[in-house]
Amino acid sequence: MSNKGNTFRPSSANTTFKRSQKKEAPNNKKVENKEEAPARDLSELQQKLIKILGAFLILCAILLGIAFVSYLFTWSEDQSYIATNNGGWGVVMNTAEEIDNPDIELPVVQNRLGKYGALFANQFIYNWFGIASFLFVLVFFVIGYKLLYKKSILPVYRTIIYSFIAIVFISVTLGFLHSFITKVPHILEGKFGFWTNKLLEAQIGTVGVAGILIFAYLTTLILVYNLDLKFSIFDSRKKQDEEDENFDTEEEETNYTNSIRTAEPSVSEPLINRRETYTPAPSLNDKFQSSRNADIQLNEEFTPPHKEIILPVSEIKPENKVLIPFEIEEPTPTEKDTNIINENTVSFTVDEPLQIDPIVEEKPVQSHELEVESPKEEKTITANDLVAQFGQYDPKLDLSGYQHPTLDLLKDYGTGKITINQQELEANKNRIVDTLRNYNIEIEHIKATIGPTVTLYEIIPKPGVRISKIKNLEDDIALSLAALGIRIIAPMPGKGTIGIEVPNSNPEMVSMKSIIATEKFQKTDMDLPIALGKTISNEVYIADLAKMPHLLVAGATGQGKSVGINAILTSLLYKKHPAELKFVLVDPKKVELSLFKKIERHFLAKLPGEEDAIITDTKKVINTLNSLCIEMDQRYDLLKNGQVRNLKEYNAKFVNRRLNPEEGHRFLPFIVLIVDEFADLMMTAGKEVETPIARLAQLARAVGIHLVIATQRPSVNIITGTIKANFPARLAFRVLSKVDSRTILDSGGADQLIGRGDMLLSTGSDLIRIQCAFVDTPEVEMISDFIGGQRGYPSAFMLPEYVDESGDGSGSTDFDFSDRDQLFEEAARLIVMHQQGSTSLIQRKLKLGYNRAGRIIDQLESAGIVGPFEGSKAREVLYPDEYSLEQFLETLRKD
C-alpha cells in the first residue's frame, strides 16, 4: 500500500493562522521595499518650486472648472464673439481698444472668467473633447494636490491614464449618440468626438461604430474591474436538475446514511483505525457535498491538535475522498431530532397537491355538455381595405391635368462646355511656381482643375514647408497673376494638397437650362431639390432644402443675390406639384418677387382677407410670420395625434388612408418662406420680426416649413446670434469686407469672390465654391405665365388667421399724438440713442422733474417706443436705431 495520500490540517486555528500569514506576506514585502528605496535628496529651493507648481495646478483646476461651468450657460454668446474675431486668440491683447471704443458693448463675453475663460473653455469643450474636458480639471487637481501636500487623494498615474481614456471614449460616444439628432459639432462631444465619429461612420458605418464602442467599453471593464460575463440561466437549470435527482434518490440516500452510521466507529476511536472499517459506497454523488462539508467541520473539532492524518489514495476514489473525516453516530430520539424529522416531513408534503390538481381539473370537463354558439362578428374596415377598394389618396387629383414647365421656356447662355486655354494654364502655373520660389518654397507636383469661372491649382509642397507660409503669400500670388479674387485653401479638405483658386480670363456663364436638363436633377428623389449651379470641378450641385433645413443668403448689391433667389424658386417650380408645395413670399422692395404673382392660385399662400399674396407691408409681414407660427403649432398637433415624428411620415400615413379626415387630418404641403430683404424688416420692426423668425427656424423643420432669408447687410445687428444658430446652411455671394464674410460664414473667403454669381455655400462642415445658375427676368416671366395659364385652385392656400392683440401692431392705439409733451421727440431720440428706457436718464439729460419725465415715459410706452415697466430693470427699447425711429415719428406726424 502506498504511503502517499492527502494531508489534512485538523486544526482550524492553525489553518487560519497560516492563511493570515499568507495574506500579510505581500504587505510586509511592500513595506520592506518602501523602506529599502532610497529617498531623494531635494534642495530647499526645489521643494519650494514643487509646492509652488502644485498650488499653481490647483489654481488652474479651479479656474478651469469655473470657466467650463460658465461656458455651459454662455456658450452661444461667447461663440458669436469668438467666431466674429476669427477664433478670438488674435484679439486677446486688444482689450484696451475694445474698452475705448464706445460702439462695443462691454463685457464682450459672458463667461465668468472673462475673455480668457471663454477662449480656453471654447478650445477645450467645443474645439476638442466636449463636456469630457471636465476630467482635465480632475487631473490638474490631483497632480497639484500631490505636489503641494505630498499626499495622494487618488493614484496619480492611474488617474491620468483613466482620465485620458475616459475623455476619448466619452467624446466619441456622445458624438455617436448626438449624430442621430444633428449633423454639426456640439459642446456635448466637441469637434474631436464629432469628426472621429464621422470618420468611423464613413469607414465602417453606424452599426460598426456602435459595435466598436460596445467592445471598447467591455474591454475597459474587463481590464479595470475583471468583469465576469456569466449568465445565471444555466446555473438555475443545473440546480433544478439536481433538485429533481435529490427527490428521486431520497430513499437510496436514507439507506446509505443508515449503513454508514452502523459501520462507523465511535468518536473516541482513533481516526487511523477508522479508515480500515470505512468502505465508501459507489452510489454516493456530489449532491451530498454541502452535508459532507458540515460533517468535516464537526469532525475536525474532535481531532487532536497538530496531528496529520495520512490516508492512502488507492483505497479512496477521487469523488469520495472528502468523506474520510466523517463522524456519524446513531442519534437518540431527542426533542431537537423530532423537530428535524418533522421539518423533513413538511418538506416532502409540499409536493402532495400535485396529485390532487388533476382531480380538480376533471370536474369542468365532465360538465362540458353545453354547446355555445359563437357570435358572428362584423368585419371592421381597416386602412388596407380602403386602399384595396379606393386606392391610395392622391393629393394631386384636384389638379390632375397640371403640367410642369417645359425646358424650352429657358434659354441657353454660351456653349455649356469648358474651353481649355493651354497657354493661360501654363502661364498661371509658371507664375505660381516662380512666386513660391522667390520665397524659397519648393513644390513637388501641381494639378489644374478647370471650372466654369475659376480654375483650381492644387500643389503639393516638398516636405518641411509650412502651410502658413504659403497662406501668407495670398496677396503676392494675386499680384503676380494680376487677377482679382485669388483664394488659397490650405489645406484642401480630404486631400493632402494646397488649393489656389484663380479666376479664368474668359468665364463661362452657367445657364439654368443646362442644370435643369441634367439627369441628376430630373431623377433626384430629394424632397425640395434646389439647383444652385456648378462647382469648381464643373459638376452640377443640387441641394435638398428639406435637409438644410433653412438657408441664409447674403451678398452685396449687384453680386447675384436676386438671381440666386430666382434660381431657387425656378428649380422648385420645375420639380414640385402645386399640391406638394406652397410659397410665402415677402418682398419689402416690392419689385423683386412681383413676377410670381401669376402663380398665386397654384403655389402661393396668404392670410385670409388679403388681396395680394406677395407681402410688401411690414405690419402684414409680422402678422404673416405669426400666422406661420400658428400653422406650425397646428401641424405639430396633427403629428402628435397621428403618432409620427415628421411631415414625410405623416403624409405617407395619410396617403395610405391610415388617418381619418373627419378627425381633422389632411394632406400637408411643404411651405417655403422667402424673404428677399431681411435687413429692412429688422430696421423697421426689430424684435417683432426676429422672434417669430427664430421660433420658426428652431421648430418648423419637422412640420415641413422652411425658410430662405436674403439680406444685403450681413452685420451682427441684422443677422443676430439667435438667427445664426438656427441657420446651419448659409449662402454667401461677394461681400465688401472680411467682417461681413465672417458674420455670414464664420470664416473669410466671401470677400475674395469675383461677383456675377460666384458664391460660397457653407453647410456646417466645409465651404463649396459654386457658380450660380443664371435665370433672367424674361425666363421667370414665361415660367409664371405657363403655370398661371393652367387651371388652378379657387384661391391661394389660406394660412391660419392671426388677430393682433394690440390692434395695428404698433402699440399706438391709445396714444393721442396731439396731446404729446413738447420734448416727446427729443426724449424718444435720447432713449433710442442710449438704448436705455429710464426715467432718470430723461431727468438728467433734459433737466426735467420726475413727474414730467414720468409722463414722457408713459407716452413713449403708449407710442410703442419703449416696453412696459419691469421693476428695477430699465425698460426695453423697441427701436434699434434712430433711422427706424425717424420713420415712425414721420408716420405719426402724417396721421
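A quick note: this is a predicted structure, and the numbers were derived from the prediction, not measured. Each residue is numbered by its place in its chain's sequence as written, counting from 1. In keeping with the predicted nature of the model, local features appear solely for residues at pLDDT of at least 70, side-chain atom pairs appear and are counted solely at 80 or more, and the whole-chain, interface and lining totals rest on all residues. Water and hydrogen atoms play no part in the side-chain values, which are based on all heavy atoms of the structure.

Visitor: An account of the environment of Glu-631 is needed here, citing residue identities and associated values.
Guide: Think of it this way: any DSSP run of H or I at least four residues long counts as a helix, any run of E at least two long counts as a strand, and we number them from the N terminus. Mapped onto the elements, Glu-631 comes out in helix H22 (residues 618–642). Burial classes follow relative accessibility: with a 1.4 Å probe on protein chains only, a residue under 20% of its type's maximum area counts as buried, one over 50% as exposed, and anything between as partly exposed. Given the relative accessible area of 2%, Glu-631 is considered buried. Sequence separation of Glu-631 and Ile-705 is 74 residues, and the distance between their C-alpha atoms is 9.3 Å. With sequence-adjacent residues up to four places away left out, Glu-631 is seen in contact with Arg-666, Ile-671, Ile-705 and Pro-800. Within polar-contact distance, the side chain of Glu-631 engages the side chain of Arg-635 at 2.9 Å. As used in this structure description, the phrase polar contact means that two N or O atoms lie within 3.5 Å; if the pair is within protein, one of them must be able to donate a hydrogen and the other to accept it, and residues adjacent in sequence are counted only when both atoms belong to side chains. Here Arg-666 takes part through its side chain, which lies 3.5 Å from a polar atom of the side chain of Glu-631. Working rule for contacts: check all heavy atoms of both residues, and any pair within 4.5 Å makes them a contact.

Visitor: Can you tell me about the pattern of salt bridges, naming the residues and giving the values?
Guide: Salt bridge, as used here: a side-chain nitrogen of Lys or Arg that lies within 4 Å of a carboxyl oxygen of Asp or Glu. In total, this model carries 25 salt bridges according to the counting rule given. Here Glu-610 makes a salt bridge to Lys-620, at a shortest N to O gap of 3.3 Å. In this pair, Glu-610 sits in the loop between strand E11 (605–606) and H22 while Lys-620 sits in helix H22, placing the two residues 10 residues apart along the sequence. On the basis of relative accessibility, which here comes to 23%, the residue Glu-610 falls in the partly exposed class. By relative accessible area, which is 37% here, Lys-620 ends up partly exposed. A salt bridge links Glu-631 to Arg-635; the shortest N-O distance between them is 2.9 Å. Here Arg-635 and Glu-631 lie together in helix H22, a separation of 4 residues that amounts to about one turn. Each of Arg-487, Glu-501, Asp-758 and Arg-769 takes part in salt bridges that share partners, so that together they form one network.

Visitor: Lay out the packing of aromatic side chains in plain terms, naming residues and giving numbers.
Guide: Aromatic ring pairs are reported here in terms of the distance separating the ring centres and the angle at which the planes meet. Aromatic pairing here means that ring centres of Phe, Tyr or Trp (its six-membered ring) are within 6.5 Å. Orientation follows from the plane angle: under 30 degrees is stacked, over 60 is edge-to-face, and everything else is tilted. One pass over the structure, following the stated rule, counts 18 aromatic pairs. Taken together, a centroid distance of 5.2 Å and an interplanar angle of 80 degrees make the contact between Tyr-413 and Phe-774 edge-to-face. Of this pair, Tyr-413 sits in the loop between helix H14 (383–390) and helix H15 (422–438) while Phe-774 sits in the loop between strand E16 (767–772) and helix H28 (777–788); the two residues are 361 residues apart in sequence, bridging distant segments of the chain. Given the relative accessible area of 18%, Tyr-413 is considered buried. These aromatic residues form a ring-pair network of at least three members: Phe-68, Phe-124, Trp-128, Phe-129, Phe-134, Phe-136, Phe-164 and Phe-192. Here, a charge over a ring is recorded when the distance from Lys NZ or Arg CZ to the ring centre is within 6 Å and its angle to the ring normal is within 35 degrees. Over the ring of Phe-521 we find Lys-575; its NZ or CZ atom is 5.6 Å from the centre of that ring.

Visitor: Residue-level account of the sheet that holds strand E3 (residues 443–450), with values.
Guide: Read across the open sheet, the 4 strands follow the order E3-E4-E6-E5; overall the sheet is antiparallel. Sheet topology places E3 and strand E5 (487–489) at the edges, where each strand pairs with a single neighbour. Looking at each pair of strands side by side, their axes are set apart by 20 degrees on average, direction ignored. What makes two strands pair is DSSP finding at least two bridges between them. Direction of pairing for strand E4 (residues 454–461) relative to strand E6 (residues 498–503): antiparallel, over a ladder of 6 bridges. When the bridges of E6 are listed, Thr-455 appears paired with Val-502. Axis angles are defined between N-to-C directions and span 0 to 180 degrees, where every axis is a line fitted to C-alpha atoms and, for a helix, only to the segment in contact. In this fold H15 packs onto E3, E4 and E6, with an angle of close to 40 degrees to the strand it touches most, E4.

Visitor: For the environment of Met-492, give the residues involved together with the corresponding values.
Guide: Residue position: Met-492 is located in the loop between E5 and E6. For the pair Met-492 and Glu-458, spaced 34 residues apart in the sequence, the C-alpha separation amounts to 8.5 Å. If we skip the residues at most four places from it in the chain, Met-492 touches Leu-456, Thr-497, Ile-498 and Gly-499.

Visitor: Provide a residue-level description of the pairing of strand E15 (residues 758–762), including the pertinent values.
Guide: Side-chain positions along a regular strand alternate between the two faces of the sheet. Burial analysis of E15 places 5 of its 5 residues in the buried class, the great majority of the element. With burial as the criterion, each face of E15 is covered, one bearing Asp-758, Leu-760 and Ser-762 and the other bearing Met-759 and Leu-761. The sheet contact formed by strand E14 (residues 729–732) and E15 spans 3 bridges and is antiparallel. Looking at the pairing, Leu-731 lines up with Leu-761 of E15. In this structure, the hairpin formed by E15 and E16 is closed by a connection of 4 residues, where Gly-764 is found at a positive phi of approximately 105 degrees.

Visitor: Describe the side chain of His-706, with residues and values.
Guide: Structurally, His-706 is set in strand E13 (residues 705–711). Reaching out from His-706, the side chain makes a polar contact with the backbone oxygen of Pro-549 at a distance of 3.0 Å. If we ignore the near neighbours within four places in the chain, the residues touching His-706 are Leu-528, Leu-545, Ala-546, Pro-549, His-550, Phe-670, Ile-671, Val-672, Leu-673 and Arg-701.

Visitor: With reference to specific residues and values, describe the side chain of Glu-677.
Guide: Mapping Glu-677 onto the fold places it in the loop between strand E12 (670–675) and helix H24 (678–684). Neither His nor the chain ends is counted toward charge; the positive residues are Lys and Arg and the negative residues Asp and Glu. The buried charged residue Glu-677 lacks any salt bridge, with Lys-561 as its nearest oppositely charged partner at 4.1 Å. A distance of 3.2 Å separates the side chain of Glu-677 from the backbone nitrogen of Ala-679, its partner in a polar contact. Within the local environment of Glu-677, its side chain forms a polar contact with the backbone nitrogen of Gln-712, the two atoms lying 3.4 Å apart. With near-sequence residues (within four places) excluded, Glu-677 lies in contact with Lys-561, Pro-588, Lys-589, Ala-710, Thr-711 and Gln-712.

Visitor: Go over the sheet that holds E12 with me, naming the residues and quoting the values.
Guide: With mixed pairing, the 9 strands of this open sheet are ordered in space as E8-E7-E16-E15-E14-E9-E13-E12-E10. A single partner strand is all that each edge strand has here, and the edge strands are strand E8 (540–544) and strand E10 (581–586). With direction set aside, neighbouring strand axes in the sheet form an average angle of 30 degrees. Helix-sheet contacts for helix H25 (residues 687–699) involve E12 and E13, and the interaxial angle to E13 is about 130 degrees. The strands that helix H27 (residues 738–745) touches are strand E9 (551–554), E14, E15 and E16; relative to E14, the one it contacts most, it runs at about 155 degrees.

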